[in-house]
Amino acid sequence: MKHYEVEILCAKTKDKLCFLDKVDPNSTIGEIKAMFHKSHPQWYPARQSIRLDAKGKSLKDEDILQNLPVGTTATLYFRDLGAQISWVTVFLTEYGGPLLLYLMFYFRVPFIYNTKYDFTTSKHWVVHLACMCHSFHYVKRLLETLFVHRFSHGTMPLRNIFKNCTYYWGFSAWMAYYINHPLYTPPAYGEQQVQLALIIFLFCQIGNFSIHIALRNLRPPGSKARKIPYPTKNPFTWLFLLVSCPNYTYEVGSWVGFTLMTQCLPVAFFTLVGFIQMMIWAKGKHRSYLKEFRDYPRLRSPILPFML
Amino acid sequence: MASSEEDGSAEDKENNKKKTKRPFVTAWLTIYNIAMTAGWMVLAVAMIRFYIQKGTHKGLYKSISRTLKFFQTFALLEIFHCAFGMVRTSVIVTGVQVCSRIFMVWFVTHSIKQIQNEESVVLFLVAWTVTEITRYSFYTFSLLNHLPYFIKWARYNLFIVLYPVGVAGELLTIYAALPYVRKSGMLSVRLPNKYNVSFDYYICLIIVMLSYIPLFPQLFFHMLRQRRKVLHGEVMVEKED
């Protein structure tokens, strides 16, 4: 068996960083990353981006050396992706914050509101309902992170955790402050508004969960295969007929429900910002589905049926 | 940060490319930049004349306020120039810069009349005027493919003085406005209300002032880096992201 030689250069400076000889032609990029890590311990595999071209796209860990357009002496380029953190860690932190912070406002922990309100509870039952819904939402997200989601990438750049946590923690504190405020005003249309809102919220929570399960089942454990998602026997997944990312559709729906339930402008604002971000993600996902699968259903829109 | 500065070198290349491909865009941008140069020059002349005639800065803001509001508000167009790809600059950077100017003009000096005669107002008006005249004439000459070195020199050197001066003027003005905002409760909403929201303009202004702390050094050092690149042709090895 003919062995390959692999030299790894820095993508920016073109300096020779590493030379590997007697490399098995069937080695994967993942294995090469492990070898590179040995000679440069500060660059663990997750923060390595290996490419064929200094400015090109990153090669996948599963790519096999002899299948790449390289000679028996392969030149690869390395770029440092920066400190990495696992997706699971990020999700747990960014969702754990809102769960705890909201409860602090709900229980009126000292130093938030006027001292005379410390540890009191609201007299409006919608405030208790809102706390249950908000907490349920984030507990669901935490459990999904631990048991449902299958992540394509193991890690993301470290700075994302600061950005993401600021967003989630900041917004949930801002919303929680007003909903649990002693001077909170319940919805204008009373019981009916809250009941409608609750139905919308629960419907969308179940819908969102159904989509997460359907997406998980698309991909067997340990696999990174990519397939077109289709409706299943679960009626909540029938939204796949009209939309590429029904999980985002349901998520927006949940927050619309929560806005209606609390009649709180900061919540409306959070819903709007979330919608804009998810719309951007949905458009991207939709575009990559269209690019990857020639038989992708034409009826589907990214996030809102027939609209967006 | 109100002194609008952008990445001149990338713009130059892009402007050169565009000139050969998009005559209407170039024509419009040239007209726009000439008009803005002229507008800020009119402002400069009006301020100088006022000071020479009256010998004091009191009443100066009032005398130029309409012209200032017109030309500064018109600058909102620059956001669209970026959004439509007519100018190669980030929409967000331009947006932040123009909005901070709009904020200063409409939400501070226009809305809080009692501070219009503060010295700090003249401070930032002078800084803005010199900066904008330099900036718009830089763009104009670049578009006309005939950039005199002294304009390039001015754009990449005057900011070293003008930027801190402008920031000082803005911060001092906002600081002076605080007591009047507190007393009048302007632009503020209190609980309880139907939409369960509150907004305290006084606190908002304090947050705006605090935001200068992280933002000003970033923008200033960005301009310093641009300066080294453009004036001294230094090859900068960029920090890996």
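None of the values given here were measured: they were computed from a predicted structure.

Undergrad: Hey, could you go over the UniProt feature "transmembrane region" (unreviewed entry) in chain A for me, with residue numbers and the actual values?
TA: Residues and elements named next belong to chain A. Within this numbering scheme, the UniProt entry marks residues 85-107, 166-184, 196-215, 236-258 and 264-282 as carrying the feature "transmembrane region" (unreviewed entry). With 100% helix and 0% strand, residues 196-215 has its two end C-alpha atoms placed 29 Å apart. End C-alpha to end C-alpha, residues 236-258 measures 20 Å, and it is 57% helix and 0% strand.

Undergrad: If you had to explain the packing of aromatic side chains to someone new, which residues and values would you point to?
TA: Following the criterion strictly, the structure yields 46 aromatic pairs over all chains and no others. For the pair Y167 of chain A and F270 of chain A, a centre-to-centre distance of 5.8 Å together with 35 degrees between the ring planes defines the contact as tilted. In this pair, Y167 of chain A is assigned in helix 4 (residues 159-179) and F270 of chain A in helix 7 (residues 265-292), connecting sequence segments 103 residues apart. In this structure F270 of chain A comes out as buried when scored by relative accessible area, which is 5%. Judged by centre distance (6.2 Å) and plane angle (80 degrees), the rings of Y32 of chain B and Y136 of chain B are edge-to-face. Here Y32 of chain B is found in helix 2 (residues 23-54), whereas its partner Y136 of chain B is found in helix 6 (residues 119-143), with 104 residues between them in sequence. One Lys or Arg, R108 of chain A, reaches over the ring of Y113 of chain A and ends 6.0 Å from the middle of that ring. Its guanidinium or amino end placed over the ring of F138 of chain B, R155 of chain B lies 4.8 Å from that ring's centre, counting from NZ or CZ.

Undergrad: Mind laying out the packing of helix 3 (residues 125-147) of chain A against helix 6 (residues 246-262) of chain A, listing which residues take part and the relevant values?
TA: All names here are of chain A. Where helix 3 meets helix 6, the axes come as close as 10 Å, and the angle between the chain directions of the two elements is 160 degrees. As summarised for this structure, helix 3 and helix 6 are arranged roughly antiparallel, according to the angle between their axes. Crossing of helix 3 against helix 6: the hand is left-handed. Where helix 3 approaches helix 6, its residues V126, L129, A130, C133, H134, H137, Y138 and R141 are matched on the opposing element by E251, W255, F258, M261 and T262. Residues of the contact of helix 3 with helix 6, tallied by class, amount to 8 nonpolar, 3 polar and 2 charged.

Undergrad: Please provide a residue-by-residue account of unusual backbone geometry, values included.
TA: Here the bond from L191 of chain B into P192 of chain B is cis, since omega is -10 degrees, no more than 30 degrees from zero. Counting through the fold element by element, P192 of chain B comes out in the loop between helix 8 (159-184) and helix 9 (201-232). At K22 of chain A, a position not held by glycine, the phi torsion is positive, near 60 degrees. If you trace the backbone, K22 of chain A turns up in strand 2 (residues 16-23).

Criteria and cut-off values
- Residues numbered from 1 in each chain as written.
- Chains lettered and ligands numbered in written order.
- Predicted model: local features only at pLDDT ≥ 70, side-chain atom pairs only at ≥ 80, totals over all residues.
- Heavy atoms only, no water.
- UniProt positions renumbered as here; feature names shortened; annotations may be inferred.
- Helix = DSSP H or I, 4+ residues; strand = E, 2+ residues; numbered from the N terminus.
- Phe/Tyr/Trp six-rings, centres within 6.5 Å; stacked < 30°, edge-to-face > 60°.
- Buried < 20%, exposed > 50% of the residue type's maximum accessible area, 1.4 Å probe, protein only.
- Lys NZ or Arg CZ within 6 Å of the ring centre and 35° of its normal.
- Axes fitted to C-alpha atoms, helices over the stretch in contact; angles between N-to-C directions.
- Parallel < 35°, antiparallel > 145°, perpendicular 65-115°, else oblique.
- Left-handed = near helix turned anticlockwise from the far one by under 90°.
- Contact = heavy atoms within 4.5 Å.
- Nonpolar A, V, L, I, M, F, W, Y, C, P; charged D, E, K, R; others polar.

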